[in-house]
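Chains, contacts and geometry: an overview
Letter by letter, the chains look like this.
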Amino acid sequence: MDLASKLYLLYSLFTPNLAIIAGAFTNAYISFVILLDYFKTQTMSTVNKILVALSLSNAYFSLVLFFSSIFSFVWPHINTDPYIKGFILALLIYGISSSAWITTCLCVYYFLKITSFRSGLLACFKLKIDIIVPWFILFSEVVSLGCSFLTLLPSDNSQGSSWNASLFYSLNTTSGAITTSNRFMKVTFIVICVPLLIMIVTTFPTIGSLYLHSRRMENTGTSTSLAPHRNAVCMMAWLLFLYTTVFVVFFTDFIQLFSPLSFAYWMTYNLMYLSTLVQSAVLILGNPKLKEAIKICCFGCHTSW
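This text gives an overview of the structure that appears in the document.

Each value, and the rule that gives it
Residues numbered from 1 in each chain as written. Predicted model: local features only at pLDDT ≥ 70, side-chain atom pairs only at ≥ 80, totals over all residues. Heavy atoms only, no water. 1 Å grid on protein atoms, 1.4 Å probe; cavity = no way out; pocket = protein on both sides within 12 Å on 5 of 7 lines; lining within 4 Å. Points joined across faces, edges and corners; volume = space filled by probe spheres on them. Helix = DSSP H or I, 4+ residues; strand = E, 2+ residues; numbered from the N terminus. Nonpolar A, V, L, I, M, F, W, Y, C, P; charged D, E, K, R; others polar. Contact = heavy atoms within 4.5 Å.

1. Focus: empty space enclosed by the protein
The full count for this structure, using the stated rule, is two cavities of 30 Å³ or more. Quantified by volume, the largest cavity comes out at close to 90 Å³. Around the largest cavity, the lining residues are Asn58, Phe61, Ile96, Ser99, Leu242, Tyr243, Val246, Met272, Ser275, Thr276 and Gln279. Within the residue set of the lining of the largest cavity, elements represented by two or more residues are helix H2 (46-74), helix H3 (82-114), helix H7 (227-254) and helix H8 (263-286). With four residues, the top contributor of residues to the lining of the largest cavity is H8. Broken down by class, the residue content of the lining of the largest cavity amounts to six nonpolar, five polar and no charged.

Structure (structure tokens):
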């Protein structure tokens with residue numbers, strides 16, 4: 001491998017891993033703030049339960065990405081072991097599936113809380129939302145484990161698979177060509193389809209319901225603040241945009257739209273590595289308590305300097 005290839009490989013390793021570590025820390029911060037408040041008050045709201053589960057899932061996914069990338073760089077021989085490759089793939093699929101399904105759980109929660117239902121099954125779910133959410137989180141983890149186990153099937157873990165443990169890309173030491181982790185991308189593309197559809201089905205009706213409610217309040221002169229609902233809807237919209245972007249990235253790889261050496265190809269993969277960091281930022285900005293906590297933290301750090 002010549003010097004240019006070595007520098008390129010180091011750059012490819014450092015840049016995405018920096019975003020991954022930042023995403024892991026910010027998601028761990030969310031869990032820390034919520035759990036610290038729980039230890040003080042001995043109570044945790046339903047939405048905070050979802051946020052803790054989601055932030056822990058994102059942190060887990062970031063750490064698996066980071067360590068698998070480091071191990072692939074330090075011990076490149078693991079790329080030739082189909083069992084190690086299959087095991088790492090299963091861990092990755094579990095992480096991204098868990099994040100997608102718990103994000104869906106958050107969207108469903110806000111959908112039921114904000115949208116008005118006069119009768120029917122959804123109205124019943126709205127009354128029992130605090131009981132349903134923990135079961136929904138458990139369901140998300142079971143489905144994620146199922147998707148993870150499917151990748152361990154012998155037919156999906158063959159010696160001839162094109163997937164490699166460097167995850168999204170690796171640098172061939174002889175030709176310098178970039179090879180994609182096709183199996184990971186295609187499986188994840190399928191895994192994200194259903195959660196994304198549920199996010200779409202819940203987000204747009206919630207936006208419409210909030211808009212109609214705000215118009216009714218203007219006509220009747222009601223002064224009740226809708227700021228918490230607006231924050232929730234903005235969070236739903238940003239999360240939908242984020243997962244739509246992720247879905248498009250996987251779809252472009254699924255149909256092999258971009259050449260592995262093209263600029264567009266690398267831009268899509270950089271977006272993937274930023275996903276957990278962006279999601280943690282959306283969660284912090286969409287939650288007043290988390291936003292206030294980070295302001296206090298930054299102010300305290302500033303004054304201590």
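Text resumes after the structure shown.
2. A few points about the environment of threonine 203
With respect to the helices and strands, the residue threonine 203 is situated in helix H6 (residues 182-220). C-alpha separation for the pair threonine 203 and leucine 239, spaced 36 residues apart in sequence, amounts to 9.5 Å. If sequence neighbours within four positions are ignored, threonine 203 has contacts with Cys107, Met236, Ala237 and Leu240.

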